[in-house]
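# Overview (structure and organization)
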Amino acid sequence: MENQLIQNTIAFVQKELSDAEGGHDWFHIQRVFNTSKLLLQHEEGNPLVVQLAALLHDIADPKFHNGNEQIGPQTARIFLEAQNVASETTAHVVNIIRHMSFKNSLEQDGETFTSKEMDIVKDADRLDAIGAIGIARAFNYGGFKNREMYNPNVPPNLNMTKEEYKKSKAPTINHFYEKLLLLKDGMCTPTGKKLAEKRHQFMLDYLEQFYKEWDGSV
């Protein structure tokens, strides 16, 4: 029964994200799904909730839907109810989708919902935002939005509010300082923290090389 539900969810997500931007497409979901299962081998959590939340967490990312933060949770709820998923499981998955994004951590009141399952999915999602793939995704999205790669005259904003973050059109390199380099210390699970270390260092090494090439010193 649960295996069929997971397969139905995979098929639904693949269809919904068939034309998605390359950093937020099915392959991103697949990586987060696989990493969530890896974390589940070392961390406690309800496997069904974790897998469903991982698969549905970006079913309707607000930045591709005019900033609408309700469409993702609503889409997930409608799908899960149509699959006759237990109401408590549906509510848990929807709450994870509603509360797990990085921008919510910029609100003064912070996150109002927490669970072991959200910690796992959130760590898996943030691990995909750092390291080699994280760098590729950042520049892919920057190109998608026609943003500058780097502009020495536009410094990073290290104290953004949630609304400022949502409206930012800053160069992609700024995104490293405004989000990506902050993720390692925000990991929720011991396993997530461990996996983040190497990816974080890879980004630091990349930035060092980037600036040398930018200045023509190598």
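What you see is a predicted model; the values in this text were computed from it and never measured.

Right, let's get into the nonpolar core. Counting 34 residues, the largest nonpolar core has Val13, Leu55, Leu56, Val93 and Ile96 as its most contacted members. Only helix H1 (2-16), helix H2 (26-40), helix H3 (47-56), helix H4 (71-82), helix H5 (87-99) and helix H6 (116-127) provide two or more residues apiece to this core. No other element matches H3, which puts 8 residues into this core. Residues contacting leucine 55, with those up to four places away along its chain left out, are Ile6, Thr9, Ile10, Val13, Trp26, Ile29 and Phe33.

Turning next to the packing of aromatic side chains. Under the defined criterion, the tally for this structure stands at 11 aromatic pairs. The interplanar angle of 85° and the centroid separation of 5.8 Å between the aromatic rings of tyrosine 150 and phenylalanine 210 together place this pair among those described as edge-to-face. Placement of the pair is tyrosine 150 in the loop between helix H7 (131-144) and helix H8 (162-167) and phenylalanine 210 in helix H10 (residues 190-215), with a sequence separation of 60 residues. Like phenylalanine 210, tyrosine 150 is buried. Seen from their ring centres, phenylalanine 210 and tyrosine 211 are 5.9 Å apart, and the 90° between their planes marks the pair as edge-to-face. In this structure phenylalanine 210 comes out as buried when scored by relative accessible area, which is 10%. Accessibility expressed as a relative area gives 24% for tyrosine 211, which makes it partly exposed. Following the ring pairs from residue to residue traces out a cluster consisting of Phe139, Tyr150, Phe176, Tyr206, Phe210, Tyr211 and Trp214.

Definitions and cut-offs
- Residues numbered from 1 in each chain as written.
- Predicted model: local features only at pLDDT ≥ 70, side-chain atom pairs only at ≥ 80, totals over all residues.
- Heavy atoms only, no water.
- Core = buried A, V, L, I, M, F, W, Y, C linked by side-chain atoms within 4.5 Å.
- Buried < 20%, exposed > 50% of the residue type's maximum accessible area, 1.4 Å probe, protein only.
- Helix = DSSP H or I, 4+ residues; strand = E, 2+ residues; numbered from the N terminus.
- Contact = heavy atoms within 4.5 Å.
- Phe/Tyr/Trp six-rings, centres within 6.5 Å; stacked < 30°, edge-to-face > 60°.

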